[in-house]
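Tertiary structure, described
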Amino acid sequence: MLDSSRIRINHTDIRQGEGITYWSVGINVMLSLLKILSGFYGKSSAIMADGFHSASDLLTDFGILATLRLSRHPPDKFHPYGHRKVESLTAFLLGITLALIGISFIYAGFSKIMLFFQNSVFHEINPLVLPGALLTVIFKEWIFRATVKVGKQLRNQSIIANAWHHRSDALSSIGTAIGVSLAIWGGPSFLIFDPLMTIVVAFFILKTAYTIICHNGAVLLDAGADEKLIQKIHHITGLTDGVINVHNIRSRFHGSMLFIDLHVVVASTMSVCDSHQLCDEIEKQLKTHIEVIEDVVVHIEPS
């Protein structure tokens, strides 16, 4: 069984992840209230919908805060490899959420286009609704860049997925701002640009969701390292003194960390003590050169 003392629990990582997520909570509260209220009083359903989109981000923020600590819980009797797959599960669910948001935008866009061709009456929109959308683009792009930076530093897929959730909000606000601007100053004939921009933004959101779902779905199904990384593991192990041959390298991701087991051929005269020291050296070399490796199991075979 895996030695649970080798699983690294970094509380600094938790604080970094929580810090950027609390920033996200504050920004989402501010922007959602601003857009919902301005959309209501300015008679813009598009701005109001954008406000509720920002409010929905709060659910994912709270989900991230919950999983940050859960994923760092030490191994226990029923989870000997730890709980890092919670990161991938959360990211996978966030990807599905993004996909649903993209689909809902497409549906809303086509519904508005149908209303446009049916010559439905639209309320005159107050220009004061635009600052909410423009501020969303600025703040959401900033929090996207900050969040994705922290997510990559911590190699936390759920934080990275949440960052792309911020980017989707920024993109949707760009489309909303363009469409509402044309509706305000271009006259009734330009109202169709609002739903058209919504559909364009939706396809960007769906593309991002597809990437997140595929990557984290593979991790949940115990996907291993790619061929390039396997070759690197083979090369590093083969350079270790005492190793004659390396074969049967297997790997699997557990959250953002990689677990390795491999077979090493050594001289048949090598003692048990020397074999054990060789295993420790192989593990040390692999962890030194490949930082995503969490644990290495070496099977010794006599030549």
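What counts, and at which threshold
- As a convention, each chain's residues are numbered from 1 in the sequence order in which they are written.
- Thresholds applied to this predicted model are a pLDDT of at least 70 for local features of residues and 80 or more for the giving and counting of side-chain atom pairs; totals over whole chains, interfaces and linings are not thresholded and use all residues.
- For the side-chain quantities, the full set of heavy atoms in the structure was used; hydrogens and water were omitted.
- The term salt bridge refers to a side-chain nitrogen of Lys or Arg lying within 4 Å of a carboxyl oxygen of Asp or Glu.
- Numbering goes from the N terminus for both helices and strands, where a helix is a DSSP run of H or I of at least four residues and a strand is a run of E of at least two.
- When DSSP finds at least two bridges between two strands, those strands are taken to pair.
- Note on handedness: a crossover is taken as right-handed if, strands pointing away from the viewer, the path from the first strand over the helix to the second is clockwise.
- Comment: axis = line fitted to C-alpha atoms, over the contacting stretch for helices; angle = value between 0 and 180 degrees taken between N-to-C directions.
- Every angle not falling under 35 degrees, over 145, or within 65 to 115 is termed oblique; those three ranges are roughly parallel, roughly antiparallel and roughly perpendicular.
- If you view the pair so one helix is near and one far, a crossing is left-handed when the near helix is turned anticlockwise from the far one by less than a right angle, and right-handed when it is turned clockwise.
- By definition in these notes, contact holds between two residues if any of their heavy atoms fall within 4.5 Å.
- Ten residues, namely Ala, Val, Leu, Ile, Met, Phe, Trp, Tyr, Cys and Pro, are considered nonpolar, four, namely Asp, Glu, Lys and Arg, are considered charged, and the remaining ones, Gly among them, are considered polar.
- Relative accessibility under 20% of the residue-type maximum defines a buried residue, over 50% an exposed one, and the middle range a partly exposed one, all with a 1.4 Å probe and only protein chains included.
- Per residue, pLDDT captures the predictor's confidence, and it can take any value from 0 to 100.
- Note on aromatic pairs: the rings of Phe, Tyr and Trp (six-membered ring only in Trp) are paired at centre separations within 6.5 Å, and the planes decide the class, stacked below 30 degrees, edge-to-face beyond 60, tilted for the rest.
- When the NZ atom of lysine or the CZ atom of arginine is within 6 Å of a ring's centre and also within 35 degrees of its normal, the charge is said to sit over that ring.
- Patch membership needs two things, relative accessible area over 30% and no salt bridge, and members are linked within 9 Å if like-charged or within 5 Å if nonpolar (Val, Leu, Ile, Met, Phe, Trp, Tyr).
- Residue burial considers only the protein chains on display, and all accessible areas are found by Shrake-Rupley using a 1.4 Å probe.

What follows is about the pattern of salt bridges. Here the structure, examined in full by the defined rule, presents four salt bridges. With a shortest N-O distance of 2.8 Å, Glu141 and Arg167 are connected by a salt bridge. Of this pair, Glu141 sits in helix α4 (residues 130–154) while Arg167 sits in helix α5 (residues 157–185); the two residues are 26 residues apart in sequence, bridging distant segments of the chain. Measuring nitrogen to oxygen at the nearest pair gives 3.2 Å for the salt bridge that ties Arg250 to Asp261. Of the two residues, Arg250 sits in strand β1 (residues 245–254) while Asp261 sits in strand β2 (residues 257–266), which places them 11 residues apart along the sequence. A network of salt bridges, in which partner residues are shared, links Glu141, Arg145 and Arg167.

Relative to strand β3 (residues 293–302), β2 is paired through nine bridges, and the arrangement is parallel. From the neighbouring strand, Val266 faces β3, where its bridge partner is Pro302. Tracing the backbone out of β2, into helix α8 (residues 272–289) and back to the parallel element β3 gives a crossover that is right-handed.

Okay, the packing of helix α7 (residues 227–238) against α8 next. Running from N to C, α7 and α8 cross one another at 135°; their axes reach a closest spacing of 9 Å. The pairing of α7 with α8 is recorded here as oblique in orientation. Here α7 runs over α8; the crossing is right-handed. Residues Lys232, Ile233, Ile236 and Thr237 of α7 form the contact with α8, whose own contacting residues are Ile282, Gln285, Leu286 and His289. The class makeup of the residues in the contact of α7 with α8 is four nonpolar, three polar and one charged.

For the rest of this paragraph, the subject is unusual backbone geometry. The phi angle at Asn248 is positive, at roughly 50°, despite the residue not being glycine. Take Asn248: it is sitting in strand β1. The class for Asn248 is partly exposed, based on a relative accessible area of 41%.

As a note on interpretation, predicted positions should not be read in detail where pLDDT is low. Summing up the model confidence of the protein chain, the mean pLDDT is 79 and the portion of residues at 70 or higher is 87%. A low-confidence stretch, residues 1–9 stays under pLDDT 50, and its non-local contacts, those more than four residues away or across chains, total 24 contacts.

Per the counting criterion, the structure on display carries two aromatic pairs. Look at Trp23 and Trp142: their rings are 5.6 Å apart centre to centre, the planes differ by 70°, and that puts the pair in the edge-to-face class. In this pair, Trp23 is assigned in helix α1 (residues 11–42) and Trp142 in helix α4, connecting sequence segments 119 residues apart. By relative accessible area, which is 54% here, Trp23 ends up exposed. Residue placement shows Arg167 over the ring face of Phe144; its charged tip is 3.9 Å from the ring centre.

Moving on, we get to a nonpolar patch on the surface. On the surface, a nonpolar cluster with roughly 550 Å² of combined accessible area is contributed by Val29, Leu33, Leu37, Phe40 and Tyr41. Within the secondary structure layout, Tyr41 lies in helix α1. The class of Tyr41 is exposed, set by a relative accessible area of 63%.

Let us look at the sheet that holds β1. Strand pairing in a sheet relies on backbone hydrogen bonds, with the paired strands running either antiparallel or parallel. Strands sit in the order β1-β2-β3 across an open sheet of three strands; the sheet is mixed. Since the sheet does not close on itself, it has two edges, and those belong to β1 and β3, each with one partner. The average undirected angle you get between the axes of adjacent strands in this sheet is 15°. The strands touched by α8 are β2 and β3; relative to β3, the strand with the most contacts, the crossing angle is about 145°.

Let's shift gears to the pairing of β2. A regular strand carries its side chains on alternate faces of the sheet. Most of β2 is tucked away, with 10 of its 10 residues classed as buried. The alternating pattern of β2 places Met257, Phe259, Asp261, His263 and Val265 and Leu258, Ile260, Leu262, Val264 and Val266 on opposite faces, both of which are buried. Of the pairings in the sheet, the one linking β1 to β2 comprises eight bridges and is antiparallel in character. By the bridge assignment for β2, Arg250 is matched with Asp261.

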